Amino acid sequence: MGLEGIPDTMKAVQVVEFNKPYEVREVPVPKKLEGPDVLVKIAVASYCHTDSMVKKGIFKPPLPCIASHEGAGTIVAIGPEVKHLKIGDRAMCGLPYRPCRVCPDCTGPENQTQYCNQIKKHCGVLGDGFFAEYAVADSQTTTPLPDKVSFESAAPLACAGRTIWRAVDLTGLKAGEWIALVGSGGGLGHLGIQFAKGRGLNVVGVDARDGALELTKSYGADVVVDARNDKDEVVKQVQAVTGGRGVDSAIVLADHADATALACAITKMHGDVIQIAQPDQVSVPFHELVFRDIRIRSSLICSAGDSVRMLDEISANNITVKTNPFHGLDKIKDLTELVQGGKMQGKAIIIVDEEQIKKEHEAGKLL
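Computed from a predicted model, the values in this text were never measured in an experiment.

### Some words on the overall build of the protein
- Across its full length, the protein carries 11 helices and 18 strands.
- Scaling as 2.2 N^0.38, a compact globule of 367 residues should have a C-alpha radius of gyration of about 21 Å, and the protein matches this with 20 Å.
- Taken along its principal axes, the extent of the C-alpha atoms in the protein is 65 × 40 × 40 Å.
- Counted over contacts in the protein with a minimum sequence separation of 6, partners at least 24 positions apart contribute 70%.
- Roughly 15,500 Å² of accessible area belongs to the protein as shown, and the carbon and sulfur atoms make up 52% of that amount.

Below, the structure written as structure tokens:
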């Protein structure tokens, strides 16, 4: 199992009360490992938009709850059913914890197995997560890291990366076709641009903030469009570079009330729109949807097998993650202030274990 030498207590960032600031507390190290459990010594944990939804009580885990559903680190102990991971492996933690393994989703197409309705919890969303020195994850959804991918990149990939990679994959587009990312200059968007370019796609980046538009351009979007313009003007700009048809598929990453409608408007007739953002309501005028035969799909993270494919693409295409690092769990207040300031580019991460990062740098990890 490997629990020798692991301390009994650890530092962790917790949601103690909804709509209240995080608290840094001393808590027990979770040493009870069963079945497919792995205990991970967390190197880096990342902040994601869903964390704000947990903090607000939109998702309601039992409190207190350790925050963050994006983590990466080194496996230091394993449960009795763990097969493909071992002590000492560097890993990107799985968000789904204990899917039932017998329902049609768990046994169905491999790229849909993340949708189990009988799952025990999602780490950091409906149970303890990764803003901690140690965390338990499910080996079935935890992915070993290629040598080229660092902990600082892997933590944001655990949810944001898995989510946008699957969205790009779902479009089924081939090299030379056009894809639009509505909300292209954020934590998911800058990754989506790189995933799309790695597949040879032409990318239209759409955003409504100066910094986000700059980030969109810097990460290689072929066309950058300001969503603050009139909708008809945005459509005109997109059609001008796509032979008058619109993009072949669009992905919605922005929560703005008009984002999905805009995505439909710039997508060609009979095209697909993938909804990732989670506004209270998704609204599209009927003439954009029905009269143009736009098909809207949704997507949520990705399966264990898809996670491996994602990391392979990242290694092959030298895809990078723009991060805003904070050193130590005690910096959670500073991280929160940056996120809430509305000017952050990329992802906010906490380096939990400096020693693991030092070893990576000495080993020459690149991404």
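Back to the text.
### Here's the deal with the packing of helix α3 (residues 151-171) against helix α4 (residues 189-198)
- Where α3 meets α4, the closest approach of the two axes is 9 Å, and the angle between their N-to-C directions is 45 degrees. Classified by the interaxial angle, the pair formed by α3 and α4 is oblique. Crossing of α3 against α4: the hand is right-handed. Contacts between α3 and α4 pair L157, A160, G161, I164, W165 and V168 from the former with L191, G192, F195 and A196 from the latter.
- Within the contact of α3 with α4, the residues separate by chemical class into 8 nonpolar, 2 polar and no charged.

### As for the state of the cysteines
- Summed over the entire model, instances satisfying the criterion amount to 0 disulfides.
- Not part of a disulfide, C159 finds its nearest cysteine sulfur in C48, a span of 4.3 Å.

### Some details on helix α11 (residues 354-363)
- Of the positions making up α11, those classed as buried are Q356, I357 and E360. With its buried residues spanning 100 degrees around the axis, α11 presents them on a single face. Seen from the open side of α11, the exposed residues pointing more than 90 degrees away from its buried face are K359, H361 and E362.
- Close packing links the buried residues of α11 with β3 (37-47), β5 (70-78), β6 (90-92), α3 and β18 (347-351).
- The opening residue of α11, the one whose side-chain oxygen lies 3.1 Å from the backbone nitrogen of E355, is D353.
- Just beyond α11, the residue with positive phi is G364, at close to 85 degrees.

### Some points on the sheet that holds strand β4 (residues 65-66)
- Spatially, the 3 strands line up as an open sheet ordered β2-β1-β4, and their pairing is antiparallel. Whereas interior strands pair on both sides, the edge strands pair on one side only; in this sheet they are β2 (23-28) and β4.

### Some details on the nonpolar core
- Of all hydrophobic cores here, the largest spans 47 residues; its most connected members are L39, I42, F130, F131, L335 and I350.
- Listed by contribution, the elements that provide at least two residues to this core are β1 (9-15), β3, β5, β9 (134-138), α10 (332-340) and β18.
- When residues in this core are grouped by element, the largest group, 6 residues, is from β3.
- Sequence-distant contacts of F131, that is, excluding residues within four places in its chain, are made with A12, V13, A45, S46, Y47, I66, A67, S68, L329, I332, L335 and I350.

### Looking at the pairing of strand β14 (residues 247-252)
- Of all 6 residues in β14, 6 are buried; the element is thus mostly enclosed.
- Bridge count for strand β11 (residues 178-182) against β14 is 4 bridges, and the pairing is parallel. Across the sheet, L181 pairs through a bridge with I251, a residue of β14.
- Relative to strand β15 (residues 267-275), β14 runs parallel, the two sharing 5 bridges. Each bridged residue has a counterpart across the sheet, and for V247 the counterpart in β15 is T267.
- Chirality of the crossover, the property in question, places the unit of β14, helix α7 (residues 259-265) and β15 among those that are right-handed.

### A word on the UniProt feature "domain: Enoyl reductase (ER)" (unreviewed entry) in the protein
- The residues that UniProt annotates with the feature "domain: Enoyl reductase (ER)" (unreviewed entry) are residues 11-350.
- Span residues 11-350 is 28% helix and 26% strand, its end C-alpha atoms 13 Å apart.

### Quick look at unusual backbone geometry
- For the peptide bond that leads from L63 to P64, omega is -5 degrees, which places it in the cis range.
- Note that P64 resides in the loop between α1 (49-55) and β4.
- Of note in this structure, S68 is not a glycine but carries a positive phi near 85 degrees.
- Along the chain, S68 falls in the loop between β4 and β5.
- For R98, which is not a glycine, the phi torsion comes out positive at approximately 60 degrees.

### Topic: the sheet that holds strand β13 (residues 223-226)
- Pairing in this open sheet of 6 strands is parallel, and the strands run β13-β12-β11-β14-β15-β16 from one edge to the other. Because the sheet does not close on itself, it has two edges, and the strands there are β13 and β16 (295-298). Between one strand axis and the next, the sheet turns through 20 degrees on average, direction left out of account.
- Across the face of the sheet, α4 comes into contact with β11 and β12 (202-207) while running at roughly 175 degrees to β11.
- Seen against the sheet, helix α5 (residues 210-218) touches β12 and β13 and runs at an angle of roughly 170 degrees to β13.

### Details of the pattern of salt bridges
- As enumerated under the stated definition, the model contains 24 salt bridges in all.
- The shortest N-O distance in the salt bridge between E288 and R292 comes to 3.7 Å.
- Overall, the relative accessible area of 8% leaves E288 in the buried class.
- Judged by its relative accessible area of 16%, R292 is buried.
- A single network of salt bridges, built from pairs that share partners, joins D169, R199, D306, R309 and E313.

Cut-offs and rules
- Residues numbered from 1 in each chain as written.
- Predicted model: local features only at pLDDT ≥ 70, side-chain atom pairs only at ≥ 80, totals over all residues.
- Heavy atoms only, no water.
- Helix = DSSP H or I, 4+ residues; strand = E, 2+ residues; numbered from the N terminus.
- Rg over C-alpha atoms; globule rule 2.2 N^0.38 Å.
- Contact = heavy atoms within 4.5 Å.
- Areas by Shrake-Rupley, 256 points an atom, 1.4 Å probe, with all protein chains shown as cover.
- Axes fitted to C-alpha atoms, helices over the stretch in contact; angles between N-to-C directions.
- Parallel < 35°, antiparallel > 145°, perpendicular 65-115°, else oblique.
- Left-handed = near helix turned anticlockwise from the far one by under 90°.
- Nonpolar A, V, L, I, M, F, W, Y, C, P; charged D, E, K, R; others polar.
- Disulfide = S-S within 2.5 Å.
- Buried < 20%, exposed > 50% of the residue type's maximum accessible area, 1.4 Å probe, protein only.
- Arc of directions from axis to C-beta.
- Polar contact = N/O pair within 3.5 Å; in protein donor to acceptor, adjacent residues only side chain to side chain.
- Pairing = 2+ DSSP bridges.
- Core = buried A, V, L, I, M, F, W, Y, C linked by side-chain atoms within 4.5 Å.
- Right-handed = clockwise from strand over helix to strand, strands pointing away.
- UniProt positions renumbered as here; feature names shortened; annotations may be inferred.
- Salt bridge = Lys/Arg side-chain N within 4 Å of Asp/Glu carboxyl O.

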